[in-house]
Amino acid sequence: MAWCFFLVVNLSVFISSVFSSPTPLVERTWKGMKYGCKCYSDDECWPNDNSWNELNSTVNGNLLVHIPPGASCHNKFDGPLGAVSTYDAAACAEATNKWSDESWTVDKPAAGLWTYFTNDTCRPTTNPAAPCTLGYYGVYVIRAQSRKHIKAGVDFARENNLRLIIRNTGHDFIGRSTGWGALVINTHNFQDIEFTTEYDGPGDYKGGAVTLGAGVQGRTLLTQAHAQKPPVTVLTGECPTVGVAGGLVQGGGHGPLTPLHGLVADTALSFDVLTADGEYLTANSEENPDLFWALKGGGPSAFAVVLSVTLKTFPEQKTAGVFININSTHTNDTDLFWEGVRSFHKYSNEIVAAGIYAYFELMSLRLHVKPIVGVGKTAAELEAILQPVFDEFKAKGIPYDTGSKEFDTLFDLYIDLFEDETAGTSALTGGWMFTHQDVEENNDEIIEAFKTVTSPRDDLKEQGFLIGHLWDAGLNVPVSNSATNPRFRNSTNFAIVALPVPFGATWDQKEDLQNVLTNIQDAAMRKAGPNGCAYVNEGDPYQPDWQDRFWGSEYPKLLEIRKKWDPQGVFYAVSTPGTEDWEVIEYGTRLCRRTE
Ligand SMILES: Cc1cc2nc3c(=O)[nH]c(=O)nc-3n(C[C@H](O)[C@H](O)[C@H](O)COP(=O)(O)OP(=O)(O)OC[C@H]3O[C@@H](n4cnc5c(N)ncnc54)[C@H](O)[C@@H]3O)c2cc1C
Ligand SMILES: *[C@@H]1O[C@H](CO)[C@@H](O)[C@H](O)[C@H]1NC(C)=O
Ligand SMILES: *[C@@H]1O[C@H](CO)[C@@H](O)[C@H](O)[C@H]1NC(C)=O
Ligand SMILES: *[C@@H]1O[C@H](CO)[C@@H](O)[C@H](O)[C@H]1NC(C)=O
Ligand SMILES: *[C@@H]1O[C@H](CO)[C@@H](O)[C@H](O)[C@H]1NC(C)=O
Ligand SMILES: *[C@@H]1O[C@H](CO)[C@@H](O)[C@H](O)[C@H]1NC(C)=O
């Protein structure tokens, strides 16, 4: 009996690994349309326990059933594989305290920092009887420890037609590292970092470089770069906990060194990847150059899984930082406040032309510009560049506060002046880039658009906010060498637009707020910036014409490359090349391809 069972199991494993063609899409009809969908736990095609156990042994026991991070506050987690008891007072106290802590959230197997995209169905609570369900999380997670584990996950998802999610840090603003019913591969353990002072790969570049694993975050990388002798630096995002080899480089990536070296993607020299077919490859200017180019800004989770990336390093330099604040401590006069914003933004072309980077937050009666970064500059030099702004503030009687600081290196500034951000926010995000010409010709319209963003509708007064970034990605890299939108080479201000969504919002409320984001807030930004474009990592994926807005003239080439490297749609991230006939149907759950 036992032997017989053993033989049957092994035979079926043998048949499925040798003879199976990929599981076909699951037919469904939704709102009168026909679809072919990925396979989910309530479908017959869902792999049986033996298959999951086999996957678990291939990944050396690193497969886990995903339990949402707030489950410890609830008596039970009612997941798709059945209910499990989850209440744990100590773990619940921790989850409650750390819910908005970036690092705590990053370390969870599949949590998303922007909880809107998890559907928020299992938040920490003081009522353990409150329900806890999966929401839009994956069902299983592989905490990959080796390349072989990533391959096992990609092969399993492809062969069984499962929705596959690659999850690095969970920072994604638009929910691309979470997905209902998916198999998740967590890449956070890929922490190798190796520096060289002389890159010896293909191409003309012979300077310093660093090869980093898929899971490395900005601060870790910069800390190790700073410890080199002599210290070097790398182009990363402004946020210390964003991953580098995941969404950042694959979406483009901007940071404090953008005025000097362009986008993160522009600094990439080579990638080691796993393809949708399960093949290990290197992509650089000689090997698989089409894939290399697409990975540099063509969209995350679209062309391959990145295992490691090699980026250029740069010598460290002294750096100066300045902050400017105008808020309700200084004035409650709304008109005067907006005059201040207008004056600041009016000089943004001059600021970026001087090679300056600035990060700012803007909401009703709060302009917080911190930091303004001058790499290679003294505080006096940086303040001289900003003097026209201060002069105009004085001339118009605008109260403000400012200060400056000098550092031996950009790293010292990075650690001191970039501020921590919070997790656990439920919000929709969009965004738009304004070019030099837009600022030159339309600064007043741009300020009106900012007002529309902060108060998009009578019932949403002072609800929206904006995160601006001044940089010119074309200052020292006038012609793009990456797949990012060529319009970025004329950039002055790239600004994120955000609209909070209340917890427990109904589907109709969510649709309404999405409509406000796309057709009121972002529409005002687009109108004021006719020469600008959108950024795939910090943009509205549901805007019309996203192909042109995210990638401009590069889109047709990206579409062809996607069809070549992932014809079956093993990978998926909303509004990335080649996803136009894919849709998430049935209230944010099933991922399907339109078949009519
Ligand atoms: C607080 C905050 C600050 C930010 N600051 C900046 C900034 O200064 N500059 C900037 O350009 N952007 C910034 N971003 C946006 C950031 O670039 C994106 O959120 C990016 O997607 C994060 O990538 P990740 O890999 O860390 O996150 P994740 O959410 O884990 O992944 C993001 C996307 O990348 C895919 N992905 C991850 N790893 C891999 C891999 N190894 N192979 C293939 N696909 C992969 C995921 O599937 C997903 O689609 C910021 C975001 C936040 C939340
Ligand atoms: C995978 O195997 C490990 C180690 O044996 C075990 O602890 C874990 O529960 C298994 N995962 C699943 C989903 O069964
Ligand atoms: C998502 O949240 C809404 C509102 O709370 C709820 O009605 C819906 O059932 C949830 N969907 C899933 C898949 O969790
Ligand atoms: C603005 O209003 C707030 C709240 O009423 C108050 O605390 C603050 O002092 C006011 N600011 C000024 C400049 O008067
Ligand atoms: C306004 O800015 C000052 C610093 O310039 C800060 O101390 C204060 O807390 C801010 N006030 C508000 C209401 O944000
Ligand atoms: C950059 O701006 C210049 C001048 O406004 C314009 O001629 C050029 O076409 C722009 N480049 C791109 C790629 O949009």
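Analysis parameters
Residues numbered from 1 in each chain as written. Chains lettered and ligands numbered in written order. Predicted model: local features only at pLDDT ≥ 70, side-chain atom pairs only at ≥ 80, totals over all residues. Heavy atoms only, no water. Helix = DSSP H or I, 4+ residues; strand = E, 2+ residues; numbered from the N terminus. Rg over C-alpha atoms; globule rule 2.2 N^0.38 Å. Buried < 20%, exposed > 50% of the residue type's maximum accessible area, 1.4 Å probe, protein only. Contact = heavy atoms within 4.5 Å. Salt bridge = Lys/Arg side-chain N within 4 Å of Asp/Glu carboxyl O. Near = heavy atom within 4 Å. Polar contact = N/O pair within 3.5 Å; in protein donor to acceptor, adjacent residues only side chain to side chain. Areas by Shrake-Rupley, 256 points an atom, 1.4 Å probe, with all protein chains shown as cover. UniProt positions renumbered as here; feature names shortened; annotations may be inferred. Lys, Arg positive; Asp, Glu negative; His and termini not counted. Nonpolar A, V, L, I, M, F, W, Y, C, P; charged D, E, K, R; others polar. Pairing = 2+ DSSP bridges. Axes fitted to C-alpha atoms, helices over the stretch in contact; angles between N-to-C directions. Patch = residues over 30% accessible without salt bridge, like charges linked within 9 Å, V, L, I, M, F, W, Y side chains within 5 Å. Phe/Tyr/Trp six-rings, centres within 6.5 Å; stacked < 30°, edge-to-face > 60°. Lys NZ or Arg CZ within 6 Å of the ring centre and 35° of its normal. pLDDT = per-residue confidence, 0-100. Disulfide = S-S within 2.5 Å. Core = buried A, V, L, I, M, F, W, Y, C linked by side-chain atoms within 4.5 Å. Domains from an automatic or database assignment. Buried area = accessible area lost by both parts, 1.4 Å probe.

Draft legend 1. Here's a closer look at the overall build of the protein. Along the protein, the regular secondary structure elements total 17 helices and 24 strands. Over its C-alpha trace the protein gives a radius of gyration of 24 Å, about what one expects of a compact globule, namely 25 Å for 596 residues. For the protein, the spread of C-alpha atoms along the three principal axes comes to 90 × 60 × 50 Å. Classification of the 596 residues of the protein by burial places 59% in the buried group. Here the contacts in the protein between residues at least 6 apart in sequence split such that 73% fall between residues at least 24 apart.

Draft legend 2. Representation of the pattern of salt bridges in the model. Scanning all chains against the criterion turns up 28 salt bridges. Between Arg593 and Asp581 there is a salt bridge, with the nearest N and O atoms lying 3.5 Å from each other. Residue Arg593 is located in strand β24 (residues 590-594), and its partner Asp581 is located in the loop between α17 (555-565) and β23 (582-585); the two are separated by 12 residues in the primary sequence. A relative accessible area of 23% places Arg593 in the partly exposed class. Among the ionic contacts, a cluster of salt bridges with common partners joins Glu339, Arg342, Lys346, Glu392, Lys396 and Asp444.

Draft legend 3. Here's a closer look at the site of ligand 4. Lining the immediate surroundings of ligand 4 are Ser328, Thr329, His330, Thr331 and Asn332. Here a nitrogen atom of ligand 4 sits 2.8 Å away from a polar atom, N or O, in the main chain of Ser328. Protein chains shield 32% of the accessible area of ligand 4, which is 360 Å² for the free molecule.

Draft legend 4. Here's a closer look at the UniProt feature "domain: FAD-binding PCMH-type" (unreviewed entry) in the protein. Those places that UniProt annotates as "domain: FAD-binding PCMH-type" (unreviewed entry) correspond, in this numbering, to residues 134-316. As a span, residues 134-316 carries 21% helix and 25% strand, and end to end its C-alpha atoms are 46 Å apart.

Draft legend 5. View of the side chain of Lys510. As for its placement among the helices and strands, Lys510 is situated in helix α15 (residues 507-528). Buried charged residue Lys510 carries no salt bridge. Nearest counter-charge: Asp120, at 7.7 Å. Beyond its immediate sequence surroundings of up to four residues, Lys510 is in contact with Tyr116, Asn119 and Ala505.

Draft legend 6. The site of ligand 3, seen in detail. Around ligand 3 sit Asn119, Thr121, Gly135, Tyr136, Ala505 and Thr589, and those are all the residues in its vicinity. Interatomic distance of 2.5 Å between a side-chain N/O atom of Asn119 and an oxygen atom of ligand 3. In terms of residue class, the shell around ligand 3 is made up of 2 nonpolar, 4 polar and no charged.

Draft legend 7. Main features of the sheet that holds strand β2 (residues 33-37). One open sheet holds the 4 strands; their spatial order is β1-β2-β24-β23, and the pairing between them is antiparallel. Of all the strands in the sheet, the pair left with one neighbour each is β1 (26-30) and β23. With strand direction ignored, the average angle separating the axes of adjacent strands in the sheet is 45 degrees. Pairing analysis gives 4 bridges linking β23 to β24, with the strands arranged antiparallel. For Ile585, the partnering residue across the bridge sits in β24 and is Arg590.

Draft legend 8. Expanded view of a nonpolar patch on the surface. A surface patch of nonpolar side chains, about 300 Å² in accessible area, is lined by Val65, Ile67, Leu81 and Val84. Relative to the elements of secondary structure, Ile67 occurs in the loop between β3 (63-65) and β4 (76-79). By relative accessible area, which is 38% here, Ile67 ends up partly exposed.

Draft legend 9. Local environment of the packing of aromatic side chains. All told, the structure shown has 26 aromatic pairs when counted by the stated rule. Both rings, one in Phe344 and one in Phe360, keep their centres 5.4 Å apart while their planes meet at 85 degrees; by these two values the pair is edge-to-face. Taken together, the residues Phe344 in helix α10 (residues 334-346) and Phe360 in strand β17 (residues 357-363) connect sequence positions 16 residues apart. Classification of Phe344 by relative accessible area gives buried; the value is 1%. Summarising the aromatic geometry, the rings of Phe390 and Tyr400 are spaced 5.5 Å apart at their centres and angled 10 degrees between planes, so their arrangement reads as stacked. With Phe390 in helix α12 (residues 379-396) and Tyr400 in the loop between α12 and β19 (401-407), this pair connects stretches of sequence that are 10 residues apart. Judged by relative accessible area, which is 22%, Tyr400 ranks as partly exposed. Directly above the aromatic system of Trp104 lies the positively charged group of Lys108, at a separation of 4.2 Å from the ring centroid. The lysine or arginine in question, Arg123, covers the ring of Phe503, its NZ or CZ lying 3.6 Å from the ring centre.

Draft legend 10. Molecular detail of the confidence of the model for the protein. With 96% of its residues at a pLDDT of 70 or more, the protein shows a mean pLDDT of 95. With pLDDT under 50 throughout, residues 1-20 is counted as low confidence; its partners more than four residues away or in other chains account for 4 contacts.

Draft legend 11. Seen up close, the state of the cysteines. Inspection of every chain in the model, using the stated rule, returns 4 disulfides. Two residues, Cys122 and Cys132, share a disulfide whose sulfurs are 2.2 Å apart. For the disulfide bridge between Cys122 and Cys132, the dihedral angle about the S-S bond is near -90 degrees, and by the sign convention the bridge is left-handed. In this pair, Cys122 is assigned in the loop between α4 (102-107) and β6 (140-143) and Cys132 in the loop between α4 and β6, connecting sequence segments 10 residues apart. Cys122 sits in the buried class, given a relative accessible area of 6%. For Cys132, a relative accessible area of 2% translates into the label buried. The cystine pairing of the protein, numbering bonded cysteines in sequence order, is 1-8, 2-3, 4-5, 6-7.

Draft legend 12. Quick peek at the nonpolar core. With 128 residues, the main nonpolar core has Phe450 and Met525 as its most contacted residues. In terms of nonpolar packing, the next biggest core, distinct from the first, is built from 41 residues, Ala71, Leu183, Leu274 and Val305 among them.

Draft legend 13. Focus on the domain arrangement of the protein. If you check the domain split of the protein, you get domain 1 (6-186), domain 2 (193-315) and domain 3 (319-552). Centre-to-centre separation of domain 1 and domain 3, based on C-alpha positions: 36 Å. Tallying the contact residues gives 17 residues for domain 1 and 19 residues for domain 3. For the pair domain 1 and domain 3, the summed buried area comes to about 1,700 Å², and 56% of that belongs to carbon and sulfur atoms. Of all residues in domain 1, the largest losses of buried area upon contact with domain 3 belong to Trp114, Tyr116 and Phe173, amounting jointly to 40% of the total for that side. For the pair domain 1 and domain 3, the number of links is 0 salt bridges. Taken together, the residues that form the side of domain 1 that touches domain 3 break down as 8 nonpolar, 4 polar and 5 charged.

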